[in-house]
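# Per-entry structural report
Listed below, chain by chain, are the residues.
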Amino acid sequence: MGKFPTAPYQSMTFEYLERSLHRIMCAWGNQFLDWDDKQALSRHVWEQAEIVRRLRNRIEQFPGLKAGAPVSKELEILANTVLMATDFEDAVNGIYQILSNALVLAYDHFSQSVHPIHDAPTHEIIQEIVSIKELQRTWLRDYRRRNPHQTNQAYQQTIADCLVNTKQLQSPLPLKGQAAEQVGLNTTFKMKEPRIDPSWVIRPDKEVMPHLIADFANNIETRRLFWAIGYMRELNLAIAQLKWMYDAPYMPWAFHHDESRHMWDESRHGDSGYSRLKDFGLKIQDIGFTNASKTYPALGDPTNPLTPKELYEAVFFIGMVAETGHFKVKREAYADFQAGGDMESAEMMLFDMIDETAHVQYVKRWLGPIAKHDSTIDHANYEQRASEVRSQKQVEKNLTAQETRQLPRQTGDPPWDQYQHFLQVMRQICPLSNAQSCPPRLPLPM
Ligand SMILES: [Fe+2]
Ligand SMILES: [Fe+2]
């Protein structure tokens, strides 16, 4: 009987720290440079969200307990110490090595005190969490081989001191005085601008997007190239969403869980597009990548925390305008690529549409709750406003398409040559049988 009460309380310590790790990953995650590491970070954020979900579900199954109930201030001090690394590479070790290792040891210790039969569900959760952490550790080992780094001694020591104060996370901590607030709130931490490899940045003589806009409605080969590039650049959205989450500690956990999935999906859309381009031997350096924090103000100012109003507008624009507005052209592309015999490109469209359907639901669920944090947000007729913005965007895009048709379209003009080269490469590797017969389709909506 003596052991019964400790399990759920110990789970609350874990839930707080796993949620903190999720937040710290959002805080520093936009500093990864390599494509694959940006992808890995996005997956880790989603894995953390799922770890937190498992722990919260289990806690709430114990009578009288509530996930997110107050825990010791010492845990906040520990999490803040990890967050406040002097530089990014220290933060990576703080997250994936120091704090994660301490948690794995604590889970191991904890599982010995959890009854193997009566409380088997908790055992199962611990096993799942530890195996996720094992995968993250394997990733870190590889990352460190590519990016050797010695952790700053003082940073390491301060975390070690915090772990002593939290009994190495191996027994529940009594709640004395103030309870822990979320990691970062009582610090001076500020997110940095996203890091983008300079070799990815579009060179004007290589940017083909204006030609893709011009020919989108009339050329299925152009549409195929457009979607691969467009998806690749969606990684930008995932990077912006890390900030949406970090800057919204006032939103309930369920928002962060939905947005973690949304963000992971967008990073995978980036990978879908890029993998399709790689199928044709095209590299990100050939295609070019926009740094969205500079190009799309709708995603929010990268240098200051987003206000609730800015968050609302960013979420509104992505979900109600962009995601909602692209369904028709995506469905057309799916059917045309399938009819033309390019099943890989068709499949890419299909999975994206499945994800996007969920994203619009997330956005509709959360715009109202975000609006409650600023009385000047006019949420009442948001669907009506969205439909007006979409119509306006369509008018603007049609004009842009008209203008871009006036650009030089002859051999010798670098962007035109580049565009023709991409089409040619794709045609050679996977010709579309309906390249000539496919009728005109809808223009780009925005
Ligand atoms: Fe997407
Ligand atoms: Fe989406």
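Residues numbered from 1 in each chain as written. Chains lettered and ligands numbered in written order. Predicted model: local features only at pLDDT ≥ 70, side-chain atom pairs only at ≥ 80, totals over all residues.

### Re the overall build of the protein chain
Tallying secondary structure elements over the protein chain gives 17 helices and 0 strands in all. Compactness check: the protein chain gives a C-alpha radius of gyration of 24 Å against a globular reference of 22 Å for 446 residues, within 12% of the reference. Overall size of the protein chain, expressed as C-alpha extent along the three principal axes, is 80 × 50 × 45 Å. For the protein chain, buried positions account for 42% of its 446 residues. (Helix = DSSP H or I, 4+ residues; strand = E, 2+ residues; numbered from the N terminus. Rg over C-alpha atoms; globule rule 2.2 N^0.38 Å. Buried ≥ 20, exposed ≤ 12 C-beta atoms within 10 Å, placed from the backbone.)

### Section: the environment of K133
Tracing the sequence through the fold places K133 in helix 5 (residues 120-146). The exposure class of K133 is buried, given the 20 C-beta atoms found within 10 Å.

### What to know about the packing of helix 2 (residues 35-61) against helix 5
At a minimum axis distance of 11 Å, the contact between helix 2 and helix 5 shows a crossing angle of 165 degrees. The angle between the axes of helix 2 and helix 5 places the two elements in the roughly antiparallel class. Considering only the axes of helix 2 and helix 5, their crossing is left-handed. Only P121, T122, I125, E128, I129, I132, Q136, W139 and Y143 of helix 5 make contact with helix 2, whose side of the interface consists of D37, A40, H44, E47, I51, R54, L55 and R58. (Axes fitted to C-alpha atoms, helices over the stretch in contact; angles between N-to-C directions. Parallel < 35°, antiparallel > 145°, perpendicular 65-115°, else oblique. Left-handed = near helix turned anticlockwise from the far one by under 90°. Contact = placed C-beta atoms within 7 Å.)

### Concerning the domain arrangement of the protein chain
Accessible area lost upon the coming together of the parts is a frequently used measure of interface size. Here the protein chain is partitioned into domain 1 (6-169) and domain 2 (199-429). For domain 1 and domain 2, the distance between their C-alpha centres works out to 32 Å. Taken together, the contact between domain 1 and domain 2 spans 17 residues of the former and 17 residues of the latter. Elements represented by at least two residues in the side of domain 1 that touches domain 2 include exactly helix 1 (6-28) and helix 2. Counted by class, the side of domain 1 that touches domain 2 contains 7 nonpolar, 5 polar and 5 charged residues. (Domains from an automatic or database assignment. Nonpolar A, V, L, I, M, F, W, Y, C, P; charged D, E, K, R; others polar.)

### Looking at the packing of helix 1 against helix 4 (residues 88-113)
Axis separation between helix 1 and helix 4 bottoms out at 11 Å; the angle between their running directions is 165 degrees. Between helix 1 and helix 4, the crossing angle belongs to the class labelled roughly antiparallel. In the packing of helix 1 onto helix 4, the handedness of the crossing is left-handed. Judged by residue contacts, T6, Q10, L17, L21, I24, M25 and W28 of helix 1 engage F88, A91, I95, L99, L103, F110 and S113 from helix 4.

### Looking at the nonpolar core
Membership of the largest hydrophobic core comes to 105 residues, with the highest contact counts inside it found for I24, I95 and V315. Per element, the largest residue contribution to this core is 11 residues, and it comes from helix 4. Each residue touching I95, except ones within four places of it in the same chain, is listed here: L21, I24, M25, V82 and S100. (Core = buried A, V, L, I, M, F, W, Y, C linked by C-beta atoms within 7 Å.)

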